[in-house]
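Structural characterization, general
Given next are the chains, with one letter for each unit.
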Number of protein chains: 2
Amino acid sequence: MTDQSAIVSVDLGGTKIAAALVRTTGEILSQKSTPTLAEEGVAPVIGRLLAAVDSIIGNADLSHLSISGIAVAAAGVIDTENGTVTHSPNLPGWCEVPLKKSIEEALGLPTFLINDASAAALGEHRFGAGKGVSHLVYVTVSTGIGGGLILGGRLYTGASGSAGEVGHMVIDANGPRCSCGNVGCLEVLASGTALAREAQKLIQQGASTKIAELANGEPSNVTAKLVADAARQGDALAREIISQAATYLGMGLANLVNIFNPEMIVVGGGVAKIGDMLLDTARRVAIERAFRLPAQRVQIVPSRLSDNAAILGAVAFAQAAGVPTT
Amino acid sequence: MTDQSAIVSVDLGGTKIAAALVRTTGEILSQKSTPTLAEEGVAPVIGRLLAAVDSIIGNADLSHLSISGIAVAAAGVIDTENGTVTHSPNLPGWCEVPLKKSIEEALGLPTFLINDASAAALGEHRFGAGKGVSHLVYVTVSTGIGGGLILGGRLYTGASGSAGEVGHMVIDANGPRCSCGNVGCLEVLASGTALAREAQKLIQQGASTKIAELANGEPSNVTAKLVADAARQGDALAREIISQAATYLGMGLANLVNIFNPEMIVVGGGVAKIGDMLLDTARRVAIERAFRLPAQRVQIVPSRLSDNAAILGAVAFAQAAGVPTT
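Residues numbered from 1 in each chain as written. Chains lettered and ligands numbered in written order. Predicted model: local features only at pLDDT ≥ 70, side-chain atom pairs only at ≥ 80, totals over all residues. Heavy atoms only, no water.

**Remarks on the overall build of chain A**
Rules: Helix and strand labels come from DSSP, where a helix needs a run of H or I of at least four residues and a strand needs a run of E of at least two; each type is numbered from the N terminus. C-alpha atoms define the radius of gyration in this analysis, and the globule rule sets the expected value at 2.2 Å times the number of residues to the power 0.38. Using a 1.4 Å probe on the protein chains alone, a residue whose accessible area is under 20% of its type maximum counts as buried, one over 50% counts as exposed, and one in between counts as partly exposed. The criterion used for residue contact is that any of the two residues' heavy atoms lie within 4.5 Å. Accessibility throughout is a Shrake-Rupley quantity obtained with a 1.4 Å probe, and a residue counts as covered only by protein chains that appear here. The charge count treats Lys and Arg as positive and Asp and Glu as negative. His and the chain ends do not count. Lys charges are placed at NZ, Arg charges at CZ, Asp charges at CG and Glu charges at CD.
When you go through chain A residue by residue, the secondary structure sums to 11 helices and 13 strands. Computed over C-alpha atoms, the radius of gyration of chain A comes to 20 Å, within 12% of the 20 Å expected from 2.2 N^0.38 for 326 residues, which places it in the range of a compact globule. Seen through its C-alpha atoms, chain A measures out along the principal axes to roughly 60 × 45 × 35 Å. Split into buried and exposed, the 326 residues of chain A put 60% on the buried side. Within chain A, counting contacts between residues at least 6 apart in sequence, those at least 24 apart form 61% of the total. Only carbon and sulfur atoms are counted for the fraction: they give 48% of the accessible area of chain A, which is about 12500 Å². Here chain A contributes 23 positively and 28 negatively charged side chains, and the mean placements of these two sets differ by 6 Å.

Here you go:
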């Protein structure tokens, strides 16, 4: 490899800001992360983001490397053309924030801004599970459920950049209310929040489960991770909760198979780390329920890049958008 | 217009075969339709299709016009590259039928085969409600519910040509079984079949409604059209049945708004002819339930080409596929 250029890529999420120095080949040279502390407001978050980027650049060996730009994958609805965070459920108070301009003015480097789930789709397509695939749907199952679309080999973001909100498909017309205002969305039935909520409800109803023990008897301590831990330790109720969420996830994936006839669905995000217990059920339900032709065509696979999908996808996005690559 | 060439375009459906002579400008010069009689088998249907095309050509004034090809929009899963009807719920017995080859051998004209809902999407995009629109979802509400996708200004058909099956999104995880084997699909809740089934059920339960009168007291006579007729005459139960189906349709459209962030959704098909009573409710529900940004961006409009959408879209498809146009 004679490529001497690199990009600083940032994944700006509701909980943490992860920054990395990445070669345009996808090789990660260094990484740093810092809490977002979104509740402190927009300016302090941008300050922490800039500090993380500065720290990455300060520690880089610039005798062999030039930094050609900054790529940012942000949780929220992004106006990619103008480099603005339009709004973000995970970054309270962020409304029409010109993040690209702020970073360019502070650091003097060309900056590229993209939605995090779209970035993750690009990352898996360019560097991960979906190399060489033309039609790929990326689904992230985490606190919420989001998605990114690669159609005809290219990122598809729709008329105003917000396409791919696959977590906000109604799956159950009579289901619980979702944070988006709709009812019965995939997100409210199969996300990490849904796993924790269901476990809390059952514990409060007096169910006997190892989840309660892991949460020190305090239902508000219950997280999706504790449910997964209990399931791994053989807890029947935890397994049942995961199986139910996986069934809903499978219904959502079947919808995507019928709508997109994709070659591949990549499932990533924190909850996806539960692994086969979740994905095997979701895959079986999806294949059973989708049309035969597209069901035979699709592969439903776990993310290969895991937490780095968005970081790497933002690099691919910056390259496609014209950042110098040599 | 100096364009002297025309295409014979055929809409091959489960009930009828509609053929038309169409200028490449979209002007329909003549039309003919004949019943499909699918139950008689594949070869007789192809025979009737060829006869309809022959009749159109025989009646054309070929002194001023050359016929440059045959375009066929067929109900079913189509292998567009090979010109094969892979299978079709509406054409029993059609399995891997090389329709393009059959027509080319019989008539000696280049033939182009496409799925009917994809064709209708192309038709509305090229000649109808969606002219100049880049991202358009076409939804046909008829006996079943199907769809076609124009993304980035181009027809999107997925990895094996079957994308756009928007009628087979699960909307109600606990809903009734759909003919596709899944449960709670949009089709089983909001199609013409669903309207008729719901009315039949309520009549059999003893409900008082004008629908029963229009059906001469025989529940099995009830069709979606009778439900619509009764609703137009002010029948409360018929209006309630349509309102419920429209609400489900609105949920499905909200899903499509969140997934595709389209500029336009065009609603066509026989049931859509019920008009504002159906579409106003569906539109209101969709806009209420979808994310604000894509909801503000999308127009939800009725088909402009109505029954000719697929006929005209097949012409656009043949042109794009390289049929001579002058």
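**Examining the sheet that holds strand 9 (residues 136–141) of chain B**
All names here are of chain B. Put simply, the rule reads: The pairing criterion for strands is at least two bridges between them, as found by DSSP. Working convention: axes come from line fits to C-alpha atoms, limited for helices to the stretch in contact. Angles between N-to-C directions cover 0 to 180 degrees.
Taking strand neighbours across the sheet as the criterion, the five strands line up as 11-10-9-12-13 in an open arrangement whose pairing is mixed. Here the strands that pair on one side only, and so sit at the sheet edges, are strand 11 (154–156) and strand 13 (299–302). For this sheet the average axis-to-axis angle between neighbouring strands, irrespective of direction, equals 25°. Across five bridges, strand 9 lies against strand 12 (residues 264–268) in parallel orientation.

**Things to note about the nonpolar core**
What counts is decided by this rule: We call a set of buried residues a nonpolar core when its members are Ala, Val, Leu, Ile, Met, Phe, Trp, Tyr or Cys and they connect through side-chain atoms within 4.5 Å of each other.
Core analysis: the biggest nonpolar cluster contains 125 residues, and A:Leu253, A:Phe260, A:Ile265, B:Leu253, B:Phe260 and B:Ile265 have the highest contact counts within it. Here the element with the most residues in this core is helix 8 (residues 236–260) of chain B; it accounts for 15 residues.

**Considering the interface of chain B and chain A**
This is how the line gets drawn: A pairing counts as a salt bridge when a side-chain nitrogen of Lys or Arg comes within 4 Å of a carboxyl oxygen of Asp or Glu. Residues adjacent in sequence count toward polar contacts only when both atoms are side-chain atoms; beyond that, a polar contact is any pair of N or O atoms within 3.5 Å, and within protein one must be able to donate a hydrogen and the other to accept it. In this classification, the charged set is Asp, Glu, Lys and Arg, the nonpolar set is Ala, Val, Leu, Ile, Met, Phe, Trp, Tyr, Cys and Pro, and all remaining amino acids, among them Gly, are polar.
Listed per partner, the contact involves 41 residues of chain B and 41 residues of chain A. For the interface between chain B and chain A, the tally reads zero salt bridges. Connecting chain B to chain A are 24 residue pairs in polar contact (both at pLDDT 80 or more). Counting only elements with at least two residues in the side of chain B that touches chain A, the list comes to strand 10 (145–151), helix 8 and helix 10 (292–297) of chain B. Counting residues per element, the side of chain B that touches chain A draws most heavily on helix 8 of chain B, which supplies six residues. Of the residues that constitute the side of chain B that touches chain A, the class distribution is 21 nonpolar, 15 polar and five charged.

**Some remarks on the packing of aromatic side chains**
Quick note on the threshold: Pairs were defined over the aromatic rings of Phe, Tyr and Trp, the Trp ring being its six-membered one, requiring ring centres within 6.5 Å. Orientation was assigned from the angle between planes: stacked under 30 degrees, edge-to-face over 60, tilted for the rest.
For the structure shown, the criterion picks out one aromatic pair over all chains. An angle of 45° between the planes, with centres 5.1 Å apart, marks the rings of A:Phe260 and B:Phe260 as tilted. Linking A:Phe260 in helix 8 (residues 236–260) with B:Phe260 in helix 8, this pair reaches from one chain into another. Both residues of the pair, A:Phe260 and B:Phe260, belong to the buried class.

**Brief notes about the packing of helix 1 (residues 42–58) of chain B against helix 2 (residues 99–107) of chain B**
Residues and elements named next belong to chain B. Heads up, the condition is: In what follows, roughly perpendicular refers to angles from 65 to 115 degrees, roughly parallel to angles under 35, roughly antiparallel to angles over 145, and oblique to any angle outside these ranges. Handedness of a helix crossing follows the sense of rotation of the near helix relative to the far helix, less than a right angle counterclockwise being left-handed and clockwise being right-handed.
Running from N to C, helix 1 and helix 2 point in directions that differ by 45°, and their axes come no closer than 11 Å. By the criterion of interaxial angle, the relationship of helix 1 to helix 2 is oblique. Seen from above, helix 1 lies across helix 2 with right-handed handedness. Note on element contacts: helix 2 touches helix 1 through Leu99, Ser102, Ile103, Ala106 and Leu107, opposite Ile46, Leu49, Leu50, Val53 and Asp54. A per-class count over the contact of helix 1 with helix 2 returns eight nonpolar, one polar and one charged.

**Let's talk about the relation of the copies chain B and chain A**
The line we're drawing: The copies were overlaid with a least-squares fit restricted to C-alpha atoms from residues scoring a pLDDT of at least 70 in each copy.
Mapping chain B onto chain A leaves a residual RMSD of 0.1 Å; the transformation is a rotation of 180° accompanied by 0.0 Å of translation along its axis. Taken together, these values place the two copies in the relation of a two-fold axis. Comparing contact sets, 100% of the residues at the interface of chain B also lie at the interface in chain A, consistent with an isologous, same-surface contact.

**Brief notes about the packing of helix 5 (residues 192–204) of chain B against helix 8 of chain B**
Residue and element names in this part refer to chain B. Contact pair helix 5 / helix 8: the axes reach a minimum separation of 10 Å and the direction vectors enclose 140°. Between helix 5 and helix 8, the angle is such that the two are oblique. Viewed along their axes, helix 5 and helix 8 form a crossing whose handedness is right-handed. Note on element contacts: helix 8 touches helix 5 through Leu237, Ile241, Ile242, Gln244 and Ala245, opposite Leu195, Glu198, Ala199 and Leu202. Considered class by class, the residues forming the contact of helix 5 with helix 8 number seven nonpolar, one polar and one charged.

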